[in-house]
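# Understanding the architecture of this molecule
As a plain string of letters, each chain reads:
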Amino acid sequence: MEYMLGVDIGTTSVKTVLYDLDGKVQGYSNDGYDLYQDTPDMAEEDPEEIFSAMSEGITEILRKANVKSGELKGVSFSCAMHSLILLDEDHKPLTRAITWGDNRSVQYADSLKASPEGMELYQKTGVPIHPMTPLSKMIWLRNDEPELFNNARYFVGIKEYILYKLFGQLKEDYSIANATGLFNIYNLDWDDQALEIAGVTRDQLPELVDTTYQLHGLKEEYAKVFGMDSDVPFIIGASDGPLANLGVNAIKPGVVAVTIGTSGAVRVVTDKPRTDPKARVFCYYLAKDMWVIGGPVNNGGVVFRWVRDELCAPEKVTAEQLQVDPYDLLTDIAAKIPAGSDGLIFFPYLGGERAPIWDANARGSFFGLSRTHTRAHMIRATLEGIVYNLYTVMLALEEVVGKPTSIQANGGFARSELWRQMLTDIFEQDVSIPESFESTALGAATLGMYSLGLIDSLSEVSKFVGTTVAHHPNPANFEAYRELIPIYIRLSRSLQPEYKNIAEFQRRHDRKKDEL
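Figured I'd write up the structure that's included with this text. Computed from a prediction, not measured in an experiment: that's the story for all the values here.

This paragraph deals with the sheet that holds strand β2 (residues 13-20). Within the open sheet, the six strands sit side by side as β3-β2-β1-β5-β14-β13. Their pairing is mixed. Each having just a single partner strand, β3 (25-32) and β13 (214-215) make up the two edges of the open sheet. When β2 meets β3, the two strands line up antiparallel, connected through seven bridges. Looking across to β3, one finds that Y19 is bridged to V25.

Below you can see the structure in the form of structure tokens.
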């Protein structure tokens, strides 16, 4: 047997998948870690906990599969975007990993976004100005934590930190660099204007390499821990969004990937970089002549988790007694409510929002509540609100790249029959659910095989994805959704001027509670 290992460093866990060279899964591990939210707007993770999770995943899989010397052809990485770690001269962390969900730089991001420089930077970097980006985080740290900022010798993301520990080399792939807000998408280099605004220099950042770049010479101490040969090549890989497109075979023009996991996204691949005159979508590098255009949302499955824990405690207890998944019970309850939730609309902005409104101050709300609405209506309205928001991202994307020819959907939501049909009905288009398991890890493994010459083209991922399940729109649901979606869009715009006011009130209230 010969194998390829795909390692996906995600927001909440490292997923490690062992594939044979036909793309079939031969081993799987999912190792989680904590998210630290010690203060309002904070969202950090411990880089050592992430490194341990990755190490445990690789070690467990190779041991269980009894992979022998010479059988593992390579290890390829996917990674969540936008993380930032400050390192000292000895490459030791001065901070935890500040994740994409951290909003502490909101005032600086808002100020830059409102300036002429904000649009200039977006057009050059392909990244909307938002607190998620390392660019915004650097501006915030430079202003609010100057001593910490000035003591930093290097500014890296979690993947770069992990690979430095493994190989002693500080490299960053174009795809992850692209998401920092510091990378020029036209010359594939750090952007001088962005560096000046951030207050960092080139020598404080990793060396840039293509996503197919191979690292060799794994440190012996880690080779022994993993149970692999030290000469196994590690392919640096790309960021998770673009690799998810690859992993569901959504790399041809017009084929859109819709993902709902903890967060969500709508993405399509083009052959050259493109930006949006209204700055609503991103443009990220995947591989040579492959750029991923799309929009990410903060509020996917994490909102459904909030419903489970905060609104549906009785149902959660019932599910435990029945020994069923509480999410399955909640979707069964929601399925009994008609499409459109009898006029109840939910805005899912529990964690601020990225695309299409790019407003870290955004807050969630129910609209249209009446005495006739029940908790079941609220469950269904929540699920619909998540998909409404993705649909508005699709509308923005269509203005940049045109209407989709087909939609491939993936993520944790794809296990739910109700959510799959809801996506199909709201988008009014056939949706295919690929069979591929952990599509982002498969994308990483496929990119790794391509780098090593084990496949001739990335399009060979079509052989690995397997069959798909097709869902077709139900015209009986069109009337409600066609009437409610315009209301959702108009309300979203009209509420936006008040988001900052309510967010500032909440922050002041949180500070007072902390003082007490």
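Back to the text.
The subject of this paragraph is the packing of helix α1 (residues 47-64) against helix α6 (residues 158-167). Two numbers describe how α1 lies on α6: the axes approach to 10 Å, and their chain directions differ by 65 degrees. Note that α1 runs across α6; the crossing there is right-handed. In contact with P47, E48, I50, F51 and M54 of α1, α6 contributes I158, Y161, I162, K165 and L166. For the contact of α1 with α6, the residue count by class is eight nonpolar, no polar and two charged.

Okay, the sheet that holds strand β18 (residues 290-297) next. The strand order across the open sheet formed by seven strands is β17-β18-β16-β15-β21-β22-β23, and the pairing between neighbours is mixed. Unpaired on one side and paired on the other, β17 (282-287) and β23 (468-471) mark the two borders of the sheet. Between one strand axis and the next, the sheet turns by 30 degrees as a mean value, whatever way the strands run. Sheet analysis places β17 next to β18, joined by five bridges and oriented antiparallel. Note on β18: the bridge partner recorded for C283 is I293.

Its location among the elements puts L182 in the loop between α7 (174-178) and β10 (183-184). Note: C-alpha distance between L182 and K124 (58 residues apart in sequence) is 9.2 Å. Leaving out residues up to four positions away in the same chain, L182 has contacts with L135, M138, D189, W190, D191, A194, L195 and A198.

A complete count under the given rule lists 29 salt bridges for this structure. Here K403 ties to E398 by a salt bridge, and the two come within 3.4 Å at their closest N and O atoms. A relative accessible area of 21% means that E398 is categorised as partly exposed. Two residues, E460 and K463, come together in a salt bridge whose shortest N-O distance is 3.4 Å. Given a relative accessible area of 59%, K463 falls into the exposed group.

A separate point is the layout of surface pockets. The computed volume of the second largest pocket comes to approximately 740 Å³. The wall of the second largest pocket is formed by 27 residues, among which L35, Q37, G101, L350 and G351 lie closest to the centre. Among the secondary structure elements, those contributing two or more residues to the lining of the second largest pocket are α11 (301-311) and α18 (478-515). Here the lining of the second largest pocket is composed, by residue class, of nine nonpolar, 12 polar and six charged.

Quick look at α18 now. Along its length, α18 shows its largest kink, about 45 degrees, at P497. Buried residues in α18 make contact with α2 (106-114), β19 (345-347), β20 (365-367), α14 (375-401) and α15 (417-427).

About the cut-offs
- Residues numbered from 1 in each chain as written.
- Predicted model: local features only at pLDDT ≥ 70, side-chain atom pairs only at ≥ 80, totals over all residues.
- Heavy atoms only, no water.
- Pairing = 2+ DSSP bridges.
- Helix = DSSP H or I, 4+ residues; strand = E, 2+ residues; numbered from the N terminus.
- Axes fitted to C-alpha atoms, helices over the stretch in contact; angles between N-to-C directions.
- Left-handed = near helix turned anticlockwise from the far one by under 90°.
- Contact = heavy atoms within 4.5 Å.
- Nonpolar A, V, L, I, M, F, W, Y, C, P; charged D, E, K, R; others polar.
- Salt bridge = Lys/Arg side-chain N within 4 Å of Asp/Glu carboxyl O.
- Buried < 20%, exposed > 50% of the residue type's maximum accessible area, 1.4 Å probe, protein only.
- 1 Å grid on protein atoms, 1.4 Å probe; cavity = no way out; pocket = protein on both sides within 12 Å on 5 of 7 lines; lining within 4 Å.
- Points joined across faces, edges and corners; volume = space filled by probe spheres on them.
- Bend = angle between axes of the 7 residues up to and from the residue.

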